[in-house]
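Survey of secondary and tertiary structure
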Amino acid sequence: EVYHQDGIRFLREPSFRQAPHSDGPGVAASVPVAAGDLWKFAWFHHSFWDAIMEKAPEPLGMRWREPVLKRYFQFSFVRLLEQLRVLVDAVNDPPQWAAINTGLVTPAGDFLYVLFTMNVDRRVPMSAKPPTSNLVPPFMATGASVRLATDPAW
């Protein structure tokens, strides 16, 4: 088993990026399909989705439905990659952490961030369990990964 590196290579190596395209302001690079696959970038524990739904309810106080939230995160992840706004540990190899601004806010107006940690348990998404898949997402997210912008731990 090896870590899936396309997302990390995209962020660290400009030569791995495709030519910029005109998809609106702030787009720095086209994202290769493999690099933009959030599920190859990180493994998500169910507590992560619970924490997001608890801290950032949908407008009008409604509760997110997990499938909608997952699609939102996949779309947002590609957009953040295009804008080169996914932070990845540049000191260690392999990187120990990555972080993103989710674009979601709490009822109090605090932005929610995700602090991904290294996938030391080498967990693989359920959809990648067939024996033909030997790539492990380099990062993981749990309920503790959801951080407020005002969190003193930053």
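Presented here is a report on the structure given in the accompanying data block. These numbers were taken from a predicted model, which means no experiment stands behind them. (Residues numbered from 1 in each chain as written. Predicted model: local features only at pLDDT ≥ 70, side-chain atom pairs only at ≥ 80, totals over all residues. Heavy atoms only, no water.)

**Some remarks on the side chain of Asp89**
Keep this limit in mind: Secondary structure elements are defined from DSSP: runs of H or I of at least 4 residues count as helices, runs of E of at least 2 residues count as strands, and each element is numbered from the N terminus. Any residue under 20% of the maximum accessible area for its type is buried, any over 50% is exposed, and the rest in between are partly exposed; the area is computed with a 1.4 Å probe on protein chains only. Pairing of N or O atoms within 3.5 Å defines a polar contact, subject to two protein rules: one partner must be a possible hydrogen donor and the other a possible acceptor, and residues neighboring in sequence count only if both atoms are side-chain atoms.
By the secondary structure assignment, Asp89 is in the loop between β3 (87–88) and β4 (97–105). Owing to a relative accessible area of 2%, Asp89 belongs among the buried residues under this scheme. Among the polar contacts made by the side chain of Asp89, one reaches the side chain of Asn92 at a distance of 2.7 Å.

**Remarks on the pairing of β4**
Operational definition: A pair of strands counts as paired when DSSP detects no fewer than two bridges linking them.
Direction of pairing for β3 relative to β4: antiparallel, over a ladder of two bridges. Bridging across to β4, Leu87 finds its partner in Ala99. Sheet topology places β4 next to strand β5 (residues 111–118); six bridges connect them, and they run antiparallel. Looking at β5, one finds that Ala99 is bridged to Leu115. In this antiparallel pair of consecutive strands, β4 and β5, the connection spans five residues, and Gly109 shows a positive phi of 95°.

**Structural notes on the environment of Val120**
With respect to the element layout, Val120 can be found in the loop between β5 and β6 (135–136). Residue classification places Val120 among the exposed positions, given a relative accessible area of 58%. With 18 residues separating them along the chain, Val120 and Pro138 place their C-alpha atoms 8.3 Å apart.

**Topic: the pattern of salt bridges**
To be explicit about the condition: Any Lys or Arg side-chain nitrogen found within 4 Å of a carboxyl oxygen on Asp or Glu counts as a salt bridge.
Summed over the entire model, instances satisfying the criterion amount to four salt bridges. A salt bridge links Arg79 to Glu82, with the nearest nitrogen and oxygen atoms 2.9 Å apart. Of the two residues, Arg79 and Glu82 are both situated in helix α4 (residues 66–82); the distance of three residues between them amounts to about one turn of the helix. Classification of Glu82 as buried rests on a relative accessible area of 9%. The shortest N-O distance in the salt bridge between Arg147 and Asp151 comes to 4.0 Å.

**Comments concerning the packing of aromatic side chains**
Basically, it comes down to this: Only rings of Phe, Tyr and Trp enter the pairing, Trp through its six-membered ring, and a pair is recorded when the two centres are within 6.5 Å. The plane angle decides the type: under 30 degrees is stacked, over 60 is edge-to-face, the rest tilted.
Counted by the stated rule, this structure contains 13 aromatic pairs. Relative to Trp49, the ring of Trp39 has its centre 6.1 Å away and its plane inclined at 55°; by these criteria the two rings are tilted. You can see Trp39 sitting in helix α2 (residues 38–41) and its partner Trp49 sitting in helix α3 (residues 46–55), a full ten residues away along the chain. The exposure class of Trp49 is buried, given its relative accessible area of 2%. Summarising the aromatic geometry, the rings of Phe48 and Phe73 are spaced 5.6 Å apart at their centres and angled 80° between planes, so their arrangement reads as edge-to-face. Here Phe48, found in helix α3, pairs with Phe73, found in helix α4; they are 25 residues apart in sequence, far enough to count as distant. Each of the two residues, Phe48 as well as Phe73, counts as buried. Within the aromatic cluster, the residues linked to one another by ring pairs are Trp39, Phe41, Phe44, Phe48, Trp49, Tyr72, Phe73, Phe77, Phe116 and Phe139.

**Things to note about unusual backbone geometry**
At the junction of Asp93 and Pro94, the peptide bond is cis and its omega measures out at 5° in the coordinates. If you trace the backbone, Pro94 turns up in the loop between β3 and β4. You will see that Leu84, though not glycine, has its phi angle at about 55°, which is positive. Among the residues examined, Leu84 registers a relative accessible area of 34% and is labelled partly exposed. Positive phi is not limited to glycine here, since Arg122 has a value of about 55°. Here Arg122 lies in the loop between β5 and β6.

Read these as geometric descriptors, not functional statements.
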